[in-house]
Structure formats: C-alpha cells, structure tokens
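So you can see what is in the structure, the chains are spelled out below.
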Amino acid sequence: MEENMKLLVALDLSDCTETIVKQVEEIAKPLSASVWIIHNAKPKPDALEFKTDPIAARESLAKKFHQEHLQIQEIAENLRSEGLKVTAFLVHDGSTAKTVLEEAEKLDVNMIIVGSHGRGAAYQLILGSVSAGVIHKARCPVLVIPTRNHADDSASSVAGSG
C-alpha cells in the first residue's frame, strides 16, 4: 500500500501566512498529502510588564496563545473543507528552526514548507532566519515560499527615482 506524502508547514501567522497556505493547498491537493501545520508561539519578551504586573502579563500571554491557537485551527479547517487531511498544533519551544526540525523528525515528513519574508542580509545576520536554519539542517527536502511582494518593491523604487 502506497503511503501519502506528508508535509510539515511552519507558519508564523504574519501577513505572509495566506500566501503560504494557498501554495500548500496547490501542492497538497494533487498529491493527496497529509499536512501538519505548526506554529511556534513565542512570547514577546517584556520583562518590565512581568515585573510591574505579573498576573496581567500572564493573562495577556494566555490570551495571545489562545488567539494563535484559534488562528491555526481556522487555517486547518479551511484546508480540510478543501478535502485535505490537516492537523494543526501550537508549540511553545525555543528556536523555531530547531522546533520545526524536531517535529519533522518525529512526524517523519517527506517535505518541510516554510515562508521567506525576503529580509536583507543584515537582518538575517543579527536575528537569523527560520528558513535558512531549517534548510541547513533538514534531513528532508525543504520548500521555501517567497512571500515578499516584489511588485511593491519595484513600484517604490520607480517612484523614488524621480
């Protein structure tokens, strides 16, 4: 019996998420692939908020995680309504690239799909890049979906050149 392809899709729930999800649907449908959506819910470090009002900070963090959980479940449900087998889960681990790689190993996926924001080299040097981290250490193929809107870039450079 032939096993369906298994895809792990890492989402950051940014403005780029819709672009990635559309591509995943186009890839997964003809392959009858099983899709796992992962989001690494990381708290924004705000030590001052925890020092001044730790209860409010915890409540705010819980609300953020709950909202992100609802978002990925909605994405999964939309893909299910298109006939795909989808599981979505939220993790609260350290490095996103490391977490994606660990989950890919656990699930024994055939491919990892990530988005690329197209940020510059300086940004990546200082903060790193999830897609680069995944590409360099993955044991399976990695598909990087560019999400930067190049039409906006060329329009602004043309507008600025006058």
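Before reading further, recall that the structure is shown in the block above.
As the structure is a computational prediction, the values presented were derived from the model and not from experiment. (Residues numbered from 1 in each chain as written. Predicted model: local features only at pLDDT ≥ 70, side-chain atom pairs only at ≥ 80, totals over all residues. Heavy atoms only, no water.)

### Describing the side chain of Ser131
Turning to step 1, where the next piece is worked out: Counting through the fold element by element, Ser131 comes out in helix 6 (residues 130–137).
Turning to step 2, where the next piece is worked out: Those residues in contact with Ser131, other than ones at most four positions away along the chain, are Val114, Gly115, Ser116 and Val144. (Helix = DSSP H or I, 4+ residues; strand = E, 2+ residues; numbered from the N terminus. Contact = heavy atoms within 4.5 Å.)

### Some details on helix 4 (residues 96–107)
Turning to step 1, where the next piece is worked out: The end-to-end C-alpha distance of helix 4, which contains 12 residues, comes to 16 Å, matching closely the 16 Å that a straight helix rising 1.5 Å per residue would cover.
Turning to step 2, where the next piece is worked out: Against strand 1 (6–10), strand 2 (34–40), strand 3 (85–91), strand 4 (111–116) and helix 6 lie the buried residues of helix 4.
Turning to step 3, where the next piece is worked out: The opening residue of helix 4, the one whose side-chain oxygen lies 3.4 Å from the backbone nitrogen of Ala97, is Ser95.
Turning to step 4, where the next piece is worked out: Asp108, located one to two residues past helix 4, shows a positive phi value of around 55°. (Expected span 1.5 Å × (residues − 1). Polar contact = N/O pair within 3.5 Å; in protein donor to acceptor, adjacent residues only side chain to side chain.)

### Observations regarding the environment of Leu143
Turning to step 1, where the next piece is worked out: Turning to its location among the elements, Leu143 is positioned in strand 5 (residues 142–146).
Turning to step 2, where the next piece is worked out: Measuring from C-alpha to C-alpha, the distance between Leu143 and Ile112 comes to 6.2 Å, with 31 residues separating the pair along the chain.

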